[in-house]
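# Reading the structure
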Amino acid sequence: MATIRIKTPLGDIDVALDTEHAPKTAAHFLDLIRAGHLDDAAFYRIVRSSGTEGVPPSIDIIQGGVGWERCMGLPSVAHERTDVTGLRHCDGAISLARSADTNASSEFFICIGDQPMLDAGAMPGAAEIGFAVFGKVASGMDVVRAIQSLPAERDPPGGDARFVKQFLTDLVPITTIEIL
């Protein structure tokens, strides 16, 4: 286990990274922190199940990172499926967001409540591989919930209708992410 602290103006979020069950993903995230790749990161996207009814998956998360354009040039990591790691998208789980392929880079999200539809095998088609859980919030879920309650009125990148009302009106800057 390794613990990180995500500092924001709304408070700190301490996360225990599971280096035993998701060793590649946890090591990748720690490497991003050490290399300064997550400097100037922010929480920029929220998803509320109440706003995604009828649009699978209906989930509750907050998402952060450096943004899709900037992350494209960062190192990626091979996908560690939840059906291999045994980790699940439960309340407080931290997971790497990924593009259509199986690799992920710097964008991450934190689950609010259990989100089993994000686990491997839960959805059909390309989404069947799920997302890679690599830790869990140890303290600061009140901060996570506060971020998710903020207004989200910014247009999604590229105008993608699937993401309307999911981009925070005002980003929540991540002051620092430090390894404890």
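Going by the structure above, here's the rest.
The shown structure was predicted, so the numbers you read here are calculated from the model rather than taken from an experiment. (Residues numbered from 1 in each chain as written. Predicted model: local features only at pLDDT ≥ 70, side-chain atom pairs only at ≥ 80, totals over all residues. Heavy atoms only, no water.)

## Brief notes about the side chain of His28
As for its placement among the helices and strands, His28 is situated in helix α1 (residues 23-34). According to the relative accessible area criterion, His28 is buried, its value standing at 7%. A polar contact of 2.9 Å, which involves the side chain of His28, links it to the backbone oxygen of Ser105. (Helix = DSSP H or I, 4+ residues; strand = E, 2+ residues; numbered from the N terminus. Buried < 20%, exposed > 50% of the residue type's maximum accessible area, 1.4 Å probe, protein only. Polar contact = N/O pair within 3.5 Å; in protein donor to acceptor, adjacent residues only side chain to side chain.)

## Re unusual backbone geometry
One can expect most non-glycine residues to show negative phi and most peptide bonds to be in trans. With a phi angle near 70°, Asp40 is a residue other than glycine that sits in the positive phi range. Within the secondary structure, Asp40 is located in the loop between α1 and β3 (42-47). Notably, Lys165 is not glycine yet its phi reads approximately 65°, a positive angle. Here Lys165 is to be found in the loop between α4 (141-148) and β8 (167-173).

## Some details on the pattern of salt bridges
According to the stated counting rule, one finds seven salt bridges in the structure shown. Note that Asp14 is salt-bridged to Arg5, the shortest N-O span being 2.7 Å. A relative accessible area of 12% means that Asp14 is categorised as buried. When its relative accessible area of 23% is taken as the criterion, Arg5 is described as partly exposed. The salt bridge partner of Glu153 is Lys165, with a shortest N-O separation of 3.1 Å. (Salt bridge = Lys/Arg side-chain N within 4 Å of Asp/Glu carboxyl O.)

## Quick look at the packing of aromatic side chains
Considering all chains together, one arrives at five aromatic pairs under this definition. Pairing Phe29 with Phe108 gives two aromatic rings, centres 5.4 Å apart and planes at 80°, and the pair type is edge-to-face. Placement of the pair is Phe29 in helix α1 and Phe108 in strand β6 (residues 104-111), with a sequence separation of 79 residues. Relative to Phe108, the ring of Phe43 has its centre 5.7 Å away and its plane inclined at 75°; by these criteria the two rings are edge-to-face. Of the two residues, Phe43 is situated in strand β3 and Phe108 in strand β6; the sequence distance between them amounts to 65 residues. There is no split in this pair, since Phe43 and Phe108 are both buried. What links up through ring pairs into an aromatic cluster is the set Phe29, Phe43, Phe108 and Phe134. The ring of Phe131 has Arg98 sitting right over it, with the charged end atom 4.8 Å from the ring centre. (Phe/Tyr/Trp six-rings, centres within 6.5 Å; stacked < 30°, edge-to-face > 60°. Lys NZ or Arg CZ within 6 Å of the ring centre and 35° of its normal.)

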